Amino acid sequence: MGILERLEIGGAEDIDPDRPLELCGLSLGVEATAAAIEIAQSTAPPRTLHILDAKDILVDIFELHSNIGEATAVFSFPEGMDTPFPTALEVQLVWAIHAASDGDLTRILSGGCIVSLGDHPLVEKFSRLLQKVNRKGEVELGSLSQYKNVHSTIPAADALTEMDMSCLIGYISASPLKFKFVELYRLMEARYLKRVQEEFNSNFLSGPKMAVSEAAKSLESEISQIGLLSQRAQPYFEIISDIIADARGKNRFAASLCRKLNSQGGDMKSPKHKAGAAFIYYIRCAIVHAGGKDLIFESFDDSGELLSAIMDYMEEAAFSLSGLEFRN
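(A) Structural view of the overall build of the chain. For the chain, the helix and strand inventory stands at 14 helices and 10 strands. Taken along the three principal axes of its C-alpha coordinates, the chain extends 75 × 55 × 30 Å. Out of the 328 residues in the chain, the part that is buried amounts to 49%. Surface accessibility of the chain: about 15,500 Å² in total, with carbon and sulfur atoms responsible for 50%. Positive and negative charge centroids in the chain, built from 31 and 46 side chains respectively, lie 12 Å apart.

As structure tokens, then:
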């Protein structure tokens, strides 16, 4: 049953563009009216609709853009929510009602669900992530609070893997802050290992000895691993490098990290994104107490302050490596 049947009218000409839209017991604004007119005038089939149960969620809406130009929408719809809704949600709600069966409509209007529109494989993954993190009246990932446009930068099959999801959920639930950092580092580590595995699989049949040698070489140095990985999320690693470098005059932990980087050989001092990767590696080692002569996170009374300053960018870097970039 489409929008015309839901409105009990014959065609788009029966919809007054200047009046709010009364649809399935909901009072929606004129932007929703415009969406209803657009749907009524279109000959395209309804968008694919998916619904996930999600209790105790916050109302929210995201637009997903794939790397092939396809745009889809995902929104959360709480139980017992009264109009007015956010305008963007009202518009997508009209599209969802147009695509819904009678059973789907009942589920949507009952609330406590996450609704997605579109066929792109990333939609299902992102909906499941939202189902886990958009709870208790607050969005528990800073990136989801700040941005509502999500762009997929890699093929959907490689984006937001189960390991990515596991680390992100671990990041949300971890405490204190240093263990949140470690969960995001675990995601980065897994992403690098996935890259090594893909290169090994690609090259093994044509040159098995060389493939084994290159894989072993890649795994020898963890700091080099994250340095190579940082190329895929350069802006965030560069910002982290700037924050730590700028803080070295007033933060003891930052000063120690800068001294450590300057004392090391190799090529991690530049470009800037590699320096950011080195700092992240040093912080991880300091947290897990790797090496008796290494930095120890708890030895600095201002280490938590520095970590707080970089965590938003760590989160965005982790999402970027998972194939998602957030934009306004």
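(B) Up close: unusual backbone geometry. Each neighbour pair has its own omega, and for S175 with P176 the value is 0 degrees, a cis peptide bond. With respect to the secondary-structure elements, P176 resides in the loop between α7 (162-173) and α8 (177-203). With an omega of -5 degrees, the peptide bond running from S270 to P271 counts as cis. When you line up the elements, P271 lands in the loop between α12 (252-263) and α13 (272-287).

(C) Fine view of helix α14 (residues 303-321). Counted at 1.5 Å a residue, the expected span for α14 with its 19 residues is 27 Å, and the 25 Å between its end C-alpha atoms agrees. I310 marks the point of greatest bend in α14, at about 45 degrees. Just downstream of α14, G323 is the residue with a positive phi angle, here 95 degrees.

(D) Looking closely at the pattern of salt bridges. Per the counting criterion, the structure on display carries 12 salt bridges. A salt bridge links D53 to R107; the shortest N-O distance between them is 2.9 Å. Here D53, found in strand β3 (residues 49-53), pairs with R107, found in helix α4 (residues 102-110); they are 54 residues apart in sequence, far enough to count as distant. A residue is classified by how much of its surface remains accessible, and R107, at 33% relative accessible area, is partly exposed. Overlapping salt bridges, with partners in common, bring together E124, R128 and E162 in one network.

(E) Structural detail: α12. Along its 12 residues, α12 runs 17 Å from first to last C-alpha, staying within 8% of the 16 Å computed at 1.5 Å per residue. Burial in α12 covers these residues: F253, A254, A255, S256, L257, C258, K260 and L261. Lining the buried residues of α12 we find α11 (234-247), α13 and α14. Near the N-terminus of α12, the side chain that reaches the backbone nitrogen of F253, with its oxygen 3.0 Å away, is that of N251.

(F) Up close: the nonpolar core. Judged by nonpolar contacts, the single largest core of 71 residues is most densely connected at F181, M188, I244, L257, I280, I283 and M314. Sorting elements by how many residues they give to this core places α13 first, with 11 residues. Apart from residues lying up to four places away in sequence, F181 is in contact with I280, I283, R284, I287, L307, I310, M311 and M314. One finds A35, L49, V94 and A100 within the second-largest nonpolar core, a separate group that totals 32 residues.

(G) Inspection of the environment of K178 at higher detail. Counting through the fold element by element, K178 comes out in helix α8. On the basis of relative accessible area, K178 is assigned to the buried category, the value being 16%. Residues within four places of K178 in sequence aside, it is in contact with I287, F297, E298 and L307.

(H) Layout of the pairing of strand β4 (residues 60-65). Among the 6 residues that make up β4, 5 are buried, leaving the element largely enclosed by the rest of the structure. Note: β4 against strand β5 (residues 71-77), 6 bridges, orientation antiparallel. Directly across from L64, in β5, lies its bridge partner T72. Two elements, β4 and strand β9 (residues 149-152), share 3 bridges in a ladder whose sense is parallel. If you follow L64 over to β9, its bridge partner there is V150.

(I) Spatial organisation of the packing of aromatic side chains. Applying the stated criterion across every chain, the model contains 7 aromatic pairs. An angle of 50 degrees between the planes, with centres 5.2 Å apart, marks the rings of F253 and F300 as tilted. Here F253 is found in helix α12, whereas its partner F300 is found in the loop between α13 and α14, with 47 residues between them in sequence. Neither F253 nor F300 differs from the other in exposure class; each is buried. The interplanar angle of 80 degrees and the centroid separation of 4.8 Å between the aromatic rings of F319 and F326 together place this pair among those described as edge-to-face. By the burial criterion, F319 is buried, and F326 matches it. Linked through ring pairs, Y147, F319 and F326 together constitute an aromatic cluster. The aromatic ring of Y171 is capped on one face by K180, whose charged end is 5.3 Å from the ring centroid.

Thresholds applied
- Position numbers for residues start from 1 in each chain and track the written sequence from start to end.
- Totals for whole chains, interfaces and linings use every residue, but because this is a predicted model, local features are given only for residues with pLDDT of at least 70 and side-chain atom pairs only at 80 or more, for both listing and counting.
- Side-chain metrics rest on all non-hydrogen atoms present in the structure, leaving aside hydrogens and water.
- In this description a helix means any DSSP run of H or I spanning at least four residues, a strand means any run of E spanning at least two, and both kinds are numbered starting from the N terminus.
- Partly exposed residues are those whose accessible area sits between 20% and 50% of the maximum for their type, while under 20% is buried and over 50% is exposed, using a 1.4 Å probe and protein chains only.
- Here the open area of atoms and residues is found with the Shrake-Rupley method and a 1.4 Å probe, where only the protein chains shown may cover a residue.
- Counted as positive: Lys and Arg. Counted as negative: Asp and Glu. His and the chain ends are not counted at all.
- Here the site of a charge means atom NZ of a Lys, CZ of an Arg, CG of an Asp or CD of a Glu.
- Helices are assigned an expected span. That span is 1.5 Å times one less than the residue count.
- The bend reported for a residue corresponds to the angle between axes fitted to the seven residues ending at that residue and the seven starting there.
- One speaks of a salt bridge when a side-chain nitrogen belonging to Lys or Arg is within 4 Å of a carboxyl oxygen belonging to Asp or Glu.
- Contact definition: two residues touch when any of their heavy atoms are within 4.5 Å.
- A 3.5 Å cut-off defines polar contacts: any pair of N or O atoms within that distance qualifies, except that in protein one atom must be a possible hydrogen donor and the other a possible acceptor, and neighbouring residues in sequence count only when both atoms are side-chain atoms.
- For the purposes of this section, nonpolar cores are sets of buried Ala, Val, Leu, Ile, Met, Phe, Trp, Tyr and Cys residues that join through side-chain atoms within 4.5 Å.
- Whether two strands pair comes down to DSSP finding at least two bridges between them.
- Two aromatic rings, drawn from Phe, Tyr or Trp (for Trp, its six-membered ring), form a pair once their centres lie within 6.5 Å of each other, and the interplanar angle then sorts them: stacked below 30 degrees, edge-to-face above 60, tilted otherwise.
- A positively charged side chain is recorded as over a ring if its NZ (Lys) or CZ (Arg) lies within 6 Å of the ring centre. The angle to the ring normal must also be within 35 degrees.

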